[in-house]
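Listed below are the residues making up each chain.
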Amino acid sequence: MKTISKLCLFAIAMLAFPACNDKFDNPNRYQPFDPTGKTIITIADLKKSLWTRDNFLTNVWVTTAIREGEYVTAYEEIAHASIILQDVYIQGRVISDDREGNFYRSLCIQDETTGITVKLGRNGLYNFYELGQTVYVKCQNLVLGFYRGMYELGAYPDEETYYATSYIDVPTLFSEHVFAGDPNDLQPIQPREISMSQMARNITYDIYGNAEIHFDSLRYDMLLGTLVKVVDLKHDSTDRFLGNLYPIYKDIVGSRARRTGMEIKPELQPKDVILTWALSAVDAQNLGSQKAIEADTSKVVFLRGNIPNQEVVTHALDVKGNSVLLFIPSTMALSVSHYYSQMGYRTPLVVRTSGYARFAGQLVPKDGNRDFVGIIGIYSDRRLRAGNMVRYPDFQLLLRDLNDVIIP
Amino acid sequence: MKHTLITLLLLLTASLSLFAQSEQLGGTAIDRVNNKSLQGANVQVSNNIDRFSTTTNEFGQFSFSNLYAGVWQLVIFADGFGNYETPITVQSGSTLNLGTIFMYPAMVSNIQALSDMSSLESETSDYVQSGPALLSASQDVFTNLANFKFSEMRFKARGYDWNLGKTYLNGLLMNDVNTGNSPFSLWGGLNDAMRNQESTSGMEPTTFAVGNISGMTNVITRASQIRKGYSINYASSGSTYAHRLGVTWSNEIANDWFLAYAVSFRYSNPDNPLNWTTGTFYQGVSYFLGVEKKFDLRQSLALTVLGAPIKRGVSAASTQEVYDMLEDPYYNPNWGYQNGKIRNARMRNSHEPVVMLDYSNRINNRFKLSAAASYRFGNNGYTALDWYDAPDPRPDYYRYLPSYFTANDGKREEILRGWMTNENIRHINWDELYNVNYNNDVELNGVTINGNKGQSIPGLRSKYVIENRRADQHDINTGITVNVLVNDFLKVNGGLAYRWNRTEYFKEMYDLMGGDFWLDVDQFAERDFPNSEAIQNDMNNPNRIIKEGDKYGYNYYAFTQTEKVWAVAHFNIGKLDAYAGGDIGFTSFYRDGLYQKGLFPDNSYGKSETLSFLSYSGQLGGNYQITGNHILSANMNYVQRAPYFQDAFISPRTRNSTVENLEPEKIFAADLSYSLRMSSMKFRLSGFFTQIMDRSRVMMFYDDFYRAMSNFAMSGIDQRHLGVEFGADVYVWNGFSVKGAVAYGDYIYTSNPLLTQTVDNSNDVLSNQLVRWDGSYVSGTPQLATNLGIEYRAPSSWWAGVDLNYYNYTYIDMNPLRRTTEVRNAALDPEQMMHQEMFSPGFVLNANIGQWRTINRKYNVGIMLTINNILNNQKLQSGGYEQSRLSREIDDDGRRVDQYTPFPSKYFYMNGTSYFLNVFLRF
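Sequence positions are assigned chain by chain, starting from 1 and proceeding in written order. Whichever chain is written first becomes A and whichever ligand is written first becomes 1, with later ones labelled in order. For a predicted model such as this one, the threshold for reporting local features is a pLDDT of at least 70, and the threshold for listing and counting side-chain atom pairs is 80 or more; totals across whole chains, interfaces and linings nevertheless cover every residue. No hydrogens and no water enter the side-chain calculation; it runs on all heavy atoms of the structure.

Visitor: Explain the overall build of chain B here, please?
Guide: Helix and strand content of chain B: 10 helices and 53 strands. Over its C-alpha atoms chain B spans a radius of gyration of 30 Å, differing by no more than 12% from the 29 Å that the globule rule assigns to 923 residues. Each principal axis of the C-alpha distribution contributes one length, and for chain B these read about 100 × 55 × 50 Å. Within chain B, the fraction of its 923 residues that count as buried is 59%. In chain B, the proportion of contacts linking residues at least 24 apart, taken out of those at least 6 apart, comes to 70%. Strands here are runs of E lasting at least two residues and helices are runs of H or I lasting at least four, both read from the DSSP assignment and numbered beginning at the N terminus. Radius of gyration here is computed from C-alpha atoms only, and the compact-globule reference equals 2.2 Å multiplied by the residue count raised to the power 0.38. Three labels apply to residues, based on accessible area from a 1.4 Å probe with only protein chains included: buried if under 20% of the type maximum, exposed if over 50%, partly exposed otherwise in between. We call two residues in contact whenever any of their non-hydrogen atoms come within 4.5 Å of each other.

Quick look at the structure:
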């Protein structure tokens, strides 16, 4: 009798406990940013303010380190920066998308005047700010920078660097400087159509020696950083393309050879090149896996996995006759520039893709005309002096994803 | 006057009546401190076959009347006293009166309770080690002290890994078949029901098994052998769980029917201010039911059902930078605030009941047969945050620390300010993780899902989730043991054992964290091989939509079978007690993949090759009684054991590939001891030598040198353990005792193992290199541990003690990659890269006080309070490991170059001052 009641107690005790499951309530949604009461300026005004000395920006500040070589010797000639002390905001809609990986750690926004890159320094920005969503940036204590022709908003530059700003990669700063607007109000910006002929005209120089191109009535630097569409482009498949990839290949294979004592065969003469948008880390690491390293070379393959019937060599023999994996350590994903031109115009458009892009390994359609949509930029690697123009700067287009490649 | 006379008469009558029966053995136990008779002491006599027990009456007397001629071992033990042991020879027809036996005080070592206290689990490297294997109340003076006193530093006797100890339940080996880990968590909290144990801390064999290098315990859960009556126990601890309450009851309920049950609750709140490590908690209820039926005087059949469902939040180590920044060596990166409540992302949850039937038959005076069969089943999981293409949510990820911003003072100040003031920086920011999921309402368009093309899935696709990594076992364990008393000089024990185990490994979606679904693809394969079948985790179910409770990621079975036969012969010739024995058996296992992994379509689905290994051991040893009290003993053991499943497969989550040239592990161990066992003084001095050869290990981590997620298989690991152990317990005078223990060893690696590195997403072999760590130290335990204490036993049954521990020569758990030639050559500072850190030595002062008494001759009540680390030493590292990552140096131009420095190591610190309270009531 007593035993049974004890057993009952025991059974009850057993059953009662496992149900003790502490459920956590879902946290509240963040509220969209409310700009009332904040001073909002246009991105154009923000850009202009970098060059005028009698405005609300103070402390013009230059980077300090000097670099020798084929590049300019004085950083202050390609980089400027200024810390913003006023409590002002800019706002714009997101025009970049790092979901596909081409805009690694940066956010590009565009308002009714122009666009700018915010170097947020965080992975997966699309998780927080979607394409077409309004974003507000509190500029106070951020640094407005100008680097090789492009404006950027970032954090205080590192010591001894030749970049105008550093990434805003401190976690506390994200929530203090960049604010998302209503996530339900997504209006993707429509790209403005431009042509390459217009890009090359009317170059003038400002007091600092920077190139300015006037396009219609819009200052050139107001076009940069915005979403554009360029039509009827043809791929430039001359050595200029291979010139970009080939030195990379030599570099990588050379470094691999040094590590393993592998013999390098006579230089590659690629006849049949398969083009991809960029080199992902895996593809860059496998760049050595080319039959070029063996005695007879006829094919260069940059892609593995997706394309059937491609022979991909993965091992080679080193000087001792041992089979060695052609895996190049310390190789990161590589950005690749593809050159396009509109019929008859000298100025090429470079479509530059990061090796971190998911579509990096996709094939580049070589023949026929294309239209491209993307964010237009410039990369000046030469100092352009008045009256002593060495070369045109490269106009670069950054794709968000392959939907930006329009085959008419 | 009248009173005294009656008492005397009663005494005389009582003592006469006791001797009236035809008994063979009797004696009287006296409490030496109070010079009073000791009532309620347990007295046991056993030989190889039988065990009889009784308790002393109010006069301290005990007697046995059903012994038969032969050599028996007598043990008297009582709470608060040191054990009294002696061998006795019973002759038929005559009576052996042992007379007065003095019992001297010894500390109450509530080892079982403390086993829970010290089994706080924490992450170490890539795997979790569970608590010490052997935590029974040992009769050995060194082990008793070492287990009790040194557990605060996770001390491992002789430097052996915990999975070298063996734990049996009713004669069946219960160690986890896949990892070798101790099974104590299967019955955590059931201390009083599991108190009946036969154990040894040394290498000698027992009645239930051949000798094991690191000792073994057999817990006997037959209802008739559990202490009759009620045992109620309450414990409270400042370090792990706040409260434990347990009730155990046992009795004979009908003629030859015995019943025992126990229930225990363990609970600790993560907000508990006494908890040194925030975010850790404990919620568990354990249950035990035992039923036994005895048939005639010889046979018994017992059923045991037990389980210990538990949910516990664990802590993780962090770097010295974080501890210094927060001035808190107990910082736990695993938790954050969600709606104001502490939520821990890493929880262990399990419910693995065991059902066991065991039968024993004492066929005659010389022959006993036992058989047992058990079934263990249930679920075992370990949760963690998982994320897809989103920022790392861990608060102490290296990019969120001030040390990451070496080139930028402003940013370093900024992040430091964040750590000190913002709890969302210091801890997991649950709110943000949920909001990322809320934002992700992009429809998946045009995807082939569940076989249908062009599907769109509306709803929120979770970017952050909580996964539960499960390892669910079905374990069938059987064994037969035979104990034979051949004659007065020879005993033979032996048996057969067979075990079958199927463990299912998989990931379960535990919490979608505000989202509606998760898409089951391999995000690392997606990065390397986008838009190909390689991204599928299960090609037979591509692009599967996962909801809470669904399996995803990986799913495979590990099938293991072991068969074994063992035998030991014990010889007793005069003063020499020697044994020789061995075992031989087979272990085989294979993997059976249930998902066809896109990266390895031909090598993941279905069965792998079956690996089989021969295992065996041979042992020899014995002890020689120089006099009754002085004993010399020696043991020698050679073992070849099969590797574990977890060390045989390169990447069992993804493929069937096995480690090449996998060797069984071999161990040779020998020791020599001198012990003294008198009532007032006990000590043991031992020297030992162990050589371990051909250990293997498999690890997986991201290699910064090759820039690839890699699997590492290490083989040919050799270790040599050499050392001395000393333990002493001396009754000095008037209630004072002095005790101490020293464990001093030199545990080193004696080979340069081979490290084979393969790429996780292609199985390509990247390198085969030697790991240059010959001469480095084995990690995980202080190689010098010393204890010295004084205890005082007052006449009115209370005691107090204080003791001081000193630890030194604890070494960090090494990352093998730092000792390869390639990495050493690429290191910025090769010496720093290869250096093995030694932790700081330190002192710990502990004290304890307690009392126990008997009320109304029926109720035994006791209370014990221990204060640990009175000096609040928070600088003692109890463990730590080198991180697997390497960081590339940045040159003056801001570019990364091929020179590496190691990431900072992670440490665990011993808790500051804390307490442990134990109260029991028995009647």
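Visitor: Is there a simple way to explain the pairing of strand β3 (residues 89-94) of chain A in this structure?
Guide: One face of the sheet, then the other: side chains in a regular strand alternate in exactly this way. Residues and elements named next belong to chain A. β3 sits mainly inside the fold: five of its six residues count as buried. In short, DSSP must find at least two bridges between two strands for them to pair. Examined bridge by bridge, β3 and strand β6 (residues 134-138) share five bridges and lie antiparallel to one another. Bridge pairing in β6 links R93 to T134. Of the strand pairs in this sheet, β3 and strand β4 (residues 107-110) are connected by two bridges, and their pairing is antiparallel. Residue pairing for β4: V94 is matched across the bridge by I109.

Visitor: For this particular structure, what's the right way to read the sheet that holds strand β49 (residues 877-881) of chain B?
Guide: In a beta sheet, neighbouring strands pair by backbone hydrogen bonds and run either parallel or antiparallel. Residues and elements named next belong to chain B. The antiparallel open sheet is built from three strands, whose spatial order is β21-β52-β49. For this open sheet the edge positions go to β21 (318-319) and β49, each flanked by a neighbour on one side alone. Strand direction decides the pairing type here: β21 and strand β52 (residues 906-909), joined by two bridges, are antiparallel. By the bridge assignment for β52, T319 is matched with K906.

Visitor: Can you walk me through the packing of aromatic side chains in this structure?
Guide: Within a pair of aromatic rings, the relevant descriptors are the distance that separates the centres and the angle that separates the planes. Residue and element names in this part refer to chain A. A pair of Phe, Tyr and Trp rings is counted when the ring centres sit within 6.5 Å of each other, with Trp represented by its six-membered ring. The angle between the planes then sorts it: under 30 degrees is stacked, over 60 is edge-to-face, the rest tilted. All told, the structure shown has 56 aromatic pairs over all chains when counted by the stated rule. Judged by centre distance (4.7 Å) and plane angle (70°), the rings of Y340 and F372 are edge-to-face. Of this pair, Y340 sits in strand β17 (residues 336-342) while F372 is found in strand β19 (residues 369-379), placing the two residues 32 residues apart along the sequence. In this pair, the class of Y340 matches that of F372, namely buried.

Visitor: Can you help me understand the pattern of salt bridges in this one?
Guide: Two side chains with opposite charge may pair up if their charged atoms get near one another. Residues and elements named next belong to chain B. Any carboxyl oxygen of Asp or Glu within 4 Å of a side-chain nitrogen of Lys or Arg constitutes a salt bridge here. With the rule as written, the count across this model stands at 44 salt bridges over all chains. Between R376 and E352 there is a salt bridge whose closest N-O contact spans 2.9 Å. You can see R376 sitting in strand β26 (residues 367-376) and its partner E352 sitting in the loop between β24 (347-351) and β25 (354-364), a full 24 residues away along the chain. No difference in accessibility class separates R376 from E352, as the two residues are buried. Between E504 and K551 there is a salt bridge, with the nearest N and O atoms lying 2.6 Å from each other. Highlighted residues: E504 in strand β31 (residues 490-511) and K551 in strand β34 (residues 551-573), separated in sequence by 47 residues. In the salt-bridge network here, residues are joined through shared partners; they are D140, R158, D671, R684 and E725.

Visitor: How do you make sense of the side chain of D192 of chain B when you look at a structure like this?
Guide: Residues and elements named next belong to chain B. Within the secondary structure layout, D192 lies in the loop between β12 (172-173) and β13 (197-200). Residue classification places D192 among the buried residues on the basis of a relative accessible area of 14%. A polar contact of 2.7 Å, which involves the side chain of D192, links it to the side chain of R195. Dropping the residues within four chain positions of it, D192 is found in contact with I226, S231, N233 and T248. Pairs of N or O atoms within 3.5 Å make up the polar contacts considered here, provided that, within protein, one atom can donate a hydrogen while the other can accept it, and that residues adjacent in sequence are counted only when both atoms are side-chain atoms.

Visitor: Before we go on, may I ask you to explain the confidence of the model for chain A in this structure?
Guide: Low pLDDT marks regions whose predicted coordinates should not be analysed in detail. Residues and elements named next belong to chain A. Values of pLDDT, the confidence the predictor places in each residue, fall between 0 and 100. Mean pLDDT over chain A stands at 69; residues scoring 70 or higher make up 55%. Under a pLDDT of 50 for its full length, residues 212-218 has, in the predicted model, 25 contacts with residues more than four places off or in other chains. Across residues 288-319 the pLDDT falls below 50, and counting only partners more than four positions away or on other chains, this stretch makes 88 contacts in the model.

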